[in-house]
Amino acid sequence: MTEKATLTIDGRNYEFDMFTGSENETCIDIQKLRSETGCITMDPGYGNTGSCYSSITFVDGAKGILRYRGYPIEQLAEQASFVEVAYLILYGELPTPKQLALFRASIAEHAPLHTSLEHHFSGFPKSAPPMAILSAMLNLVSCFHSEVLDVHSEGPGFDKTVALLLSKVRAIAAFSYRMASGRPIMHPNPNLSYCSNFLHMMFSDPYREYIATPVVERALNLFLVLHADHEQNCSTSTVRVVGSSRANLFSSVSAGVCALWGPLHGGANAAVIKMLEEIKDSGKPISHYLDMAKDKSNDYKLMGFGHRVYKNFDPRSLIMKKTVYEVLDELQQEDPLLQVALELEEKTLKDDYFVERNLYPNVDFYSGILLRAIGIPLNMYTVLFAIGRMPGWIANWRELLEHNHRISRPRQVYTGQTVRQFVPLRER
Ligand code: ACO
């Protein structure tokens, strides 16, 4: 603690400790605010509210900086595998070759799903959204591995649970796609890498094995690395809120999947593609859609634009855009939606409404085009985001327990009726 902040209410001064983080972010610690002043703060959407001290991920929205455990996202995206990044996020340090080999082996070991768990897939209708299946099935995993219900934040039990979860989320995601497309489940191949194994479970058939090309594998790896954590976003905060009641890890991440599903969060990656398709097919000029987004009499937003924290640029979006070009080039593909996206970006960057509000493409703006290029179906985009975000959710759940965090329980200012007397039904 270095400085104090003074708050004056009705002429009386109250002092609060201030805290500075390792990147010079400052906060006023108001934990005693209510007990000392009787007041609470009001901050819907928590834009100004810190909910925890964390050493996992650093984001500087003004400068467009994102680092996992101190390592710049640009370096990790260029050089690291998703499993390596998952280890880093979870355990705080880059793995040695031996640690990485053990971690990979543990993930491979837990890849198959319990046969009874597999049977549950056939109970979902074909039209079931994969995000609903993913959330439900993640919760169900704990029914078949009861030991994970009593897992704490460290030790062999935690290590095993981490490997189990990183492995099962991938299989559940692929199986949900297979069921929805009426194809039999394809079991994991322990000899394949994390990304190749996922693509194999998605696309192989009994008589035709899908073999991911290096370009496709690299693109998927990059997608997962870019999504691996992003500090206290909506889904991670949800995982923390649920975990704060000491709910088990599987229930907590299952809730995270639900929070991620919404179009303002992870669901934006699929919503962007739908928006770009609509713009392309409508034949209307881009300005029509810009006008709709600016018109406050409707809820229309340009999907893939804007961010609570990034007010200059989203570094993930820059990497994603560059990779889209590389992948389309290497696969010798052209995507007409890329042209629409580029035109939309160009027009918004020159438009006063977007400039004044610091609205730039976020990670979801180009990610859908990348996933399209490597053959991922639209209804799986947000599921892939969930696979990528799993290390971040687990690490935040763990940190919560390590810090012995209080149960999350915001307050409110009541604006309803004051006390009144009940009127029996016959007199109403
Ligand atoms: N299109 C048009 N206007 C927008 C957009 C948009 N995409 N995003 C924000 N605005 C406007 C708001 O209406 C507001 O206008 P006002 O000041 O006139 O009222 C202003 O910009 C500021 O926006 P906020 O509401 O403060 O933004 P907030 O931080 O609450 O929301 C969010 C951020 C949810 C990302 C928002 O920008 C949005 O809905 N974007 C589209 C959906 C999207 O791409 N989500 C993915 C985000 S990244 C991720 O979750 C992985």
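Each chain carries its own residue numbering, running from 1 in the written order of its sequence. Predicted model: local features are reported for residues with pLDDT of at least 70 only, side-chain atom pairs are reported and counted for 80 or more only, and whole-chain, interface and lining totals are derived from all residues. For side-chain calculations, the full set of non-hydrogen atoms in the structure is used, while hydrogens and water are omitted.

1. Thoughts on the domain arrangement of the chain
Bring the parts together and some accessible area is lost; that lost area is often taken as the interface size.
Here's step 1: For each domain, the first and last residues come from an automatic or database assignment. As assigned here, the chain comprises domain 1 (4-62), domain 2 (66-262 + 387-402) and domain 3 (268-374).
Here's step 2: Each of domain 1 and domain 2 has a C-alpha centre, and the two are 34 Å apart.
Here's step 3: For this analysis, residues touch if any pair of their heavy atoms sits within 4.5 Å. Between domain 1 and domain 2, the residue contacts involve ten residues of the former and 13 residues of the latter.
Here's step 4: Buried area is understood as the total, over both parts, of accessible area removed when two parts are fitted together, assessed with a 1.4 Å probe. The contact between domain 1 and domain 2 buries some 1000 Å² in all, and 48% of this surface belongs to carbon and sulfur atoms.
Here's step 5: Of all residues in domain 1, the largest losses of buried area upon contact with domain 2 belong to Ile 56, Thr 57 and Val 59, amounting jointly to 57% of the total for that side.
Here's step 6: By convention in these notes, a salt bridge is any Lys or Arg side-chain nitrogen within 4 Å of a carboxyl oxygen on Asp or Glu. Taken together, the connections running from domain 1 to domain 2 amount to one salt bridge.
Here's step 7: Pairs of N or O atoms within 3.5 Å make up the polar contacts considered here, provided that, within protein, one atom can donate a hydrogen while the other can accept it, and that residues adjacent in sequence are counted only when both atoms are side-chain atoms. Between the two partners, domain 1 and domain 2, sit seven residue pairs in polar contact (both at pLDDT 80 or more).
Here's step 8: Under the scheme applied here, ten amino acids are nonpolar (Ala, Val, Leu, Ile, Met, Phe, Trp, Tyr, Cys and Pro), four are charged (Asp, Glu, Lys and Arg), and all others, including Gly, are polar. Residues of the side of domain 1 that touches domain 2, tallied by class, amount to five nonpolar, four polar and one charged.

2. Considering the sheet that holds strand β4 (residues 57-60)
Here's step 1: DSSP bridges decide pairing: two strands pair if at least two such bridges lie between them. Numbering goes from the N terminus for both helices and strands, where a helix is a DSSP run of H or I of at least four residues and a strand is a run of E of at least two. Spatially, β4-β5-β6 is the arrangement adopted by the three strands of the open sheet, whose pairing is antiparallel. Edge strands, defined here as strands with exactly one partner in the open sheet, are β4 and β6 (71-72).
Here's step 2: Two strands pair when backbone bridges link them, and strand β5 (residues 65-68) and β6 are joined in this way by two bridges, in the antiparallel orientation. Across the sheet, Tyr 68 pairs through a bridge with Tyr 71, a residue of β6.

3. Structural notes on the nonpolar core
Here's step 1: Leu 166, Phe 198 and Leu 344 are the most contacted members of the largest nonpolar core, which has 121 residues in total.
Here's step 2: Of the residues forming this core, the biggest block, 13 residues, is contributed by helix α7 (residues 156-180).
Here's step 3: For this core, the domains that each give at least three residues are domain 2 (66-262 + 387-402) and domain 3 (268-374).
Here's step 4: Beyond its immediate chain neighbours, meaning those up to four positions away, Leu 166 contacts Ala 86, Leu 90, Phe 103, Ile 107, Tyr 194, Met 390, Pro 391 and Ile 394. Here, nonpolar core means buried Ala, Val, Leu, Ile, Met, Phe, Trp, Tyr and Cys residues that are tied together by side-chain atoms lying within 4.5 Å of each other. The cut-offs for exposure are 20% and 50% of the maximum accessible area for each residue type, with area from a 1.4 Å probe on protein chains only; residues under the lower value are buried, those over the upper are exposed, and the others partly exposed.

4. Focus on the packing of helix α12 (residues 268-282) against helix α18 (residues 381-402)
Here's step 1: Note on geometry: axes are C-alpha line fits, over the in-contact stretch for helices, and angles between N-to-C directions span 0 to 180 degrees. Direction vectors running N to C along α12 and α18 enclose 150°, while the axes themselves pass 7 Å from each other. In terms of axis orientation, α12 runs roughly antiparallel to α18. Contacts between α12 and α18 involve Asn 269, Ala 270 and Ile 273 on the former and, on the latter, Tyr 381, Thr 382 and Phe 385. Roughly parallel covers angles under 35 degrees, roughly antiparallel covers those over 145, roughly perpendicular covers 65 to 115, and oblique covers all other angles.

5. Here we look at the packing of aromatic side chains
Here's step 1: When two rings of Phe, Tyr or Trp (its six-membered ring) have centres within 6.5 Å they constitute a pair, described as stacked for plane angles under 30 degrees, edge-to-face for angles over 60, and tilted for the intermediate range. Per the counting criterion, the structure on display carries 14 aromatic pairs.
Here's step 2: For the ring pair Tyr 91 and Phe 103, a centre distance of 6.2 Å and an interplane angle of 85° mean the geometry is edge-to-face. Residue Tyr 91 is located in helix α3 (residues 82-91), and its partner Phe 103 is located in helix α4 (residues 97-109); the two are separated by twelve residues in the primary sequence.
Here's step 3: Taking relative accessible area as the criterion, Tyr 91 reaches 25% and is therefore assigned partly exposed.
Here's step 4: Residue classification places Phe 103 among the buried positions, given a relative accessible area of 6%.
Here's step 5: Relative to Phe 175, the ring of Phe 121 lies with its centre 5.7 Å away and its plane at 70°, an arrangement referred to as edge-to-face. With Phe 121 in helix α5 (residues 115-121) and Phe 175 in helix α7, this pair connects stretches of sequence that are 54 residues apart.

6. Observations regarding unusual backbone geometry
Here's step 1: Within the chain, Gln 332 stands out as a residue other than glycine whose phi angle is a positive 55°.
Here's step 2: Mapped onto the elements of the fold, Gln 332 is located in the loop between α14 (315-330) and α15 (336-349).
Here's step 3: Its relative accessible area of 74% is what places Gln 332 among the exposed residues.
Here's step 4: Notably, Asn 404 is not glycine yet its phi reads approximately 45°, a positive angle.

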